[in-house]
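Structural overview
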Amino acid sequence: MKSNTLSLSRRQFLGRSTAATFGAIAFGSLSLRGQSAAPAEQPAPKKYCPFRAAGIKPPAGEPDEAWWRGVRARFDLRSDRVYLNTGTTGPVPISVREARARVERELAEDPGADVSRLFLHEDTRAFLAKAVNADADDIVLTRSTTEGLNIFAFGLDLRRGDEVILDSQEHSAAINPFRELEDRVGIKIVRVELPVPNALDREQIVEAWRRAITPRSRLLVASHVTYKSGLALPIRELADLAHSRGLLISVDGAQSFGVLPLDLPALDIDHYAAPGQKWLLAGTGTGFSWIRRDVQPRVRTLTGWHDPASARTGAHTARRYEQTGQKNVAGINSLVEALAFRQVVGPARIEARARELAARLQRGLRETKTAEVWTPADPALSAGLTAFTLDELPPKAVAKALQARHITVRTVEVDKKEALRVSTHLFNSPEEVDRLLALLRDFVAAPALLA
Ligand SMILES: Cc1ncc(COP(=O)(O)O)c(C=O)c1O
């Protein structure tokens, strides 16, 4: 008889997962690896635990730089490079990389461990749900933010003349489903202008959205944090506005999930889509989406769907929006590993660190007197992204010159105006920010360095 760590029944496991507190989930079952019952005289093998695998002990009090260096040491990141582009793709911690490889190997060793695949999905779903204060039945495991945004946009029965309101800083991943629906069914996209540098306070931002609403409006689509200027939109207020006018609200969490805390019920939105590969540091091909329970009946599936769990119980949970057939098991498991890493480092510490480094950068930029910072200085309106221009220096040339000096940032564009964008996250350090600032000062003093 094959004996392995999957001997726990799925129901037993899920029962434990959902009943357990976030930190007390039984992770022994995450391993697919067969382990014969140990002879009595041998100690039982230590169960695999992603919290332990993260390799980080919480600090005794306030974390100091030595503790953050220990966190950084849990990445493969090269010490001769400064990576400041998590907003595009984050690095995976060593524990995530190793877990991904381990699951791949275990599946290669025993591809027949079918039930295990369900285990990993449901464990991940339960773990994610806990992290965002949601119910596992409303979580859709996806491969990217884009997939989650499309599931919602195309699932809604939008008709000719219906209006969808998006702001001028949304990503093409959020806009393009509606461009396609403009072509296919004749919906209309209405744009809310968000100026750069930001000149609006919370009320003014909400007011800009309010002015865009008409009797034909059906949906607001907004980023939790915009990828262009790093503006954190007042999502709860926008949700209240949408609902007060009978509209739905869909939120793109690509630049917030993993760096800002996420409490979905508190936001009171209808849909959320997030990646794993950016601020959560889970690696590519991972993500999740969430659809509010009472909105799900209005969201059709994009294709015929196959969900063994729903087929058995007859309950139509958000699992029905997962239409990818057999899943990327190792990738999905990476979400658990990355969430465990996040939990050990501490969500509040991560947010504070990203903000502290962003503030250090913004202070340094403002001191140069030649920088125009697009990101609001108000912490309530920003997170881990900082966008800025420098004097008359062309942002693309600056990014290229930085890359040549082993510092990775990127550029963004709003209405044909370009800026540099820097992501500061938990593995970055004040020294890295200072190194960037020193180079930027050199470029301002001697633009010929960009040639
Ligand atoms: C705001 C925003 N939305 C969506 C995306 C697309 O993300 P994904 O590759 O996870 O689909 C990005 C990627 O940079 C983004 O910044």
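Just so it is clear, the model here is predicted, and its values are computed rather than measured.

1. Considering empty space enclosed by the protein
According to the stated counting rule, one finds one cavity of 30 Å³ or more in the structure shown. Its volume calculated, the largest cavity comes out at about 30 Å³. What lines the largest cavity is Gly-258, Trp-279, Leu-280, Leu-281, Ala-338, Phe-341, Arg-342, Ile-350, His-425 and Leu-426. Element by element, the count of residues in the lining of the largest cavity is highest for helix 12 (residues 329–345), at three residues. Looking at the lining of the largest cavity residue by residue, the classes come out as seven nonpolar, two polar and one charged. If you count residues domain by domain, the lining of the largest cavity takes at least three from each of domain 1 (136–344) and domain 2 (347–450).

2. So, the site of the ligand
If you check the shell around the ligand, you find 13 residues, and the closest are Thr-145, Thr-146, Asp-252, Gln-255 and Lys-278. Calculation on the ligand without its partners gives an accessible area of 400 Å², and the protein chains cover 88% of this total.

3. Quick word on the pairing of strand 8 (residues 287–291)
Among the five residues of strand 8, five are classified as buried, and the element is accordingly described as predominantly covered. Going residue by residue along strand 8, you find Gly-287, Ser-289 and Ile-291 tucked away on one face and Phe-288 and Trp-290 tucked away on the opposite face as well. As paired elements, strand 2 (residues 139–142) and strand 8 share four bridges and run antiparallel to each other. Opposite Thr-142, over in strand 8, you have Gly-287 as the bridge partner.

4. Brief notes about the sheet that holds strand 12 (residues 410–414)
Pairing is antiparallel across the open sheet formed by four strands, whose spatial order is 9-10-13-12. Looking at strand neighbours, the two that pair on one side only are strand 9 (371–373) and strand 12, the edges of this open sheet. Across the sheet, the mean angle from the axis of one strand to that of its neighbour is 40°, orientation sign disregarded. Of the strand pairs in this sheet, strand 10 (residues 385–390) and strand 13 (residues 417–423) are connected by four bridges, and their pairing is antiparallel. Each residue of the ladder has a partner; that of Ala-387, found in strand 13, is Arg-421. The strands touched by helix 14 (residues 395–404) are strand 12 and strand 13; relative to strand 13, the strand with the most contacts, the crossing angle is about 30°.

5. Focus on the sheet that holds strand 4 (residues 188–192)
One open sheet accounts for seven strands, arranged 2-8-7-6-5-3-4; its pairing is mixed. At either margin of the open sheet sits one strand with a lone partner, and together these are strand 2 and strand 4. Strand after strand, the sheet turns through a mean of 20° between neighbouring axes, direction not considered. Relative to strand 6 (residues 248–252), helix 9 (residues 235–244) is tilted by about 155°, and along the sheet it contacts strand 5 (217–223) and strand 6.

6. Section: the side chain of Thr-142
For Thr-142, the location among the structural elements is in strand 2. Among the polar contacts made by the side chain of Thr-142, one reaches the main-chain amide nitrogen of Phe-288 at a distance of 3.1 Å. Ignoring any residue separated from it by four or fewer positions in sequence, one finds Thr-142 in contact with Glu-147, Gly-148, Ile-151, Ala-274, Gly-285, Thr-286, Gly-287, Phe-288 and Ser-289.

7. Focus on the packing of helix 6 (residues 145–155) against helix 7 (residues 172–185)
Geometrically, a packed helix pair is captured by the angle between its two axes and the distance between the axes. The geometry of helix 6 relative to helix 7 is characterised by a closest axis approach of 9 Å and an angle of 35° between their N-to-C directions. In this structure, helix 6 meets helix 7 at a crossing whose hand is right-handed. Contacts between helix 6 and helix 7 involve Thr-146, Leu-149, Asn-150, Ala-153 and Phe-154 from the first element and Ala-173, Ala-174, Pro-177, Phe-178, Glu-180, Leu-181 and Arg-184 from the second. Class assignment for the residues of the contact of helix 6 with helix 7 results in eight nonpolar, two polar and two charged.

8. Some words on helix 12
Taking 1.5 Å as the rise per residue, helix 12 with 17 residues should run 24 Å; its terminal C-alpha atoms sit 25 Å apart, in good agreement. For helix 12, the tally of buried residues reaches 16 of 17 residues, placing the bulk of the element in the interior.

9. Considering the nonpolar core
If you look at the biggest cluster of nonpolar residues, it comprises 63 residues, and the most contacted ones within it are Val-71, Trp-209, Phe-257, Ile-269, Tyr-272, Phe-288 and Leu-426. Mapped onto the domain boundaries, this core takes at least three residues apiece from domain 1 (136–344) and domain 2 (347–450). For Val-71, the residues in contact, after removing those within four places along its chain, are Ile-56, Phe-341, Val-345 and Leu-426.

10. A few points about unusual backbone geometry
Here the bond from Val-196 into Pro-197 is cis, since omega is -10°, no more than 30 degrees from zero. Relative to the helices and strands, Pro-197 resides in the loop between strand 4 and helix 8 (202–212). Unlike most non-glycine residues, Leu-281 shows phi in positive territory, near 70°. Tracing the backbone shows Leu-281 in the loop between strand 7 (271–275) and strand 8.

Rules behind the numbers
- Residues numbered from 1 in each chain as written.
- Predicted model: local features only at pLDDT ≥ 70, side-chain atom pairs only at ≥ 80, totals over all residues.
- Heavy atoms only, no water.
- 1 Å grid on protein atoms, 1.4 Å probe; cavity = no way out; pocket = protein on both sides within 12 Å on 5 of 7 lines; lining within 4 Å.
- Points joined across faces, edges and corners; volume = space filled by probe spheres on them.
- Helix = DSSP H or I, 4+ residues; strand = E, 2+ residues; numbered from the N terminus.
- Nonpolar A, V, L, I, M, F, W, Y, C, P; charged D, E, K, R; others polar.
- Domains from an automatic or database assignment.
- Near = heavy atom within 4 Å.
- Areas by Shrake-Rupley, 256 points an atom, 1.4 Å probe, with all protein chains shown as cover.
- Buried < 20%, exposed > 50% of the residue type's maximum accessible area, 1.4 Å probe, protein only.
- Pairing = 2+ DSSP bridges.
- Axes fitted to C-alpha atoms, helices over the stretch in contact; angles between N-to-C directions.
- Contact = heavy atoms within 4.5 Å.
- Polar contact = N/O pair within 3.5 Å; in protein donor to acceptor, adjacent residues only side chain to side chain.
- Left-handed = near helix turned anticlockwise from the far one by under 90°.
- Expected span 1.5 Å × (residues − 1).
- Core = buried A, V, L, I, M, F, W, Y, C linked by side-chain atoms within 4.5 Å.

Purely spatial values, then, with no claim about function.
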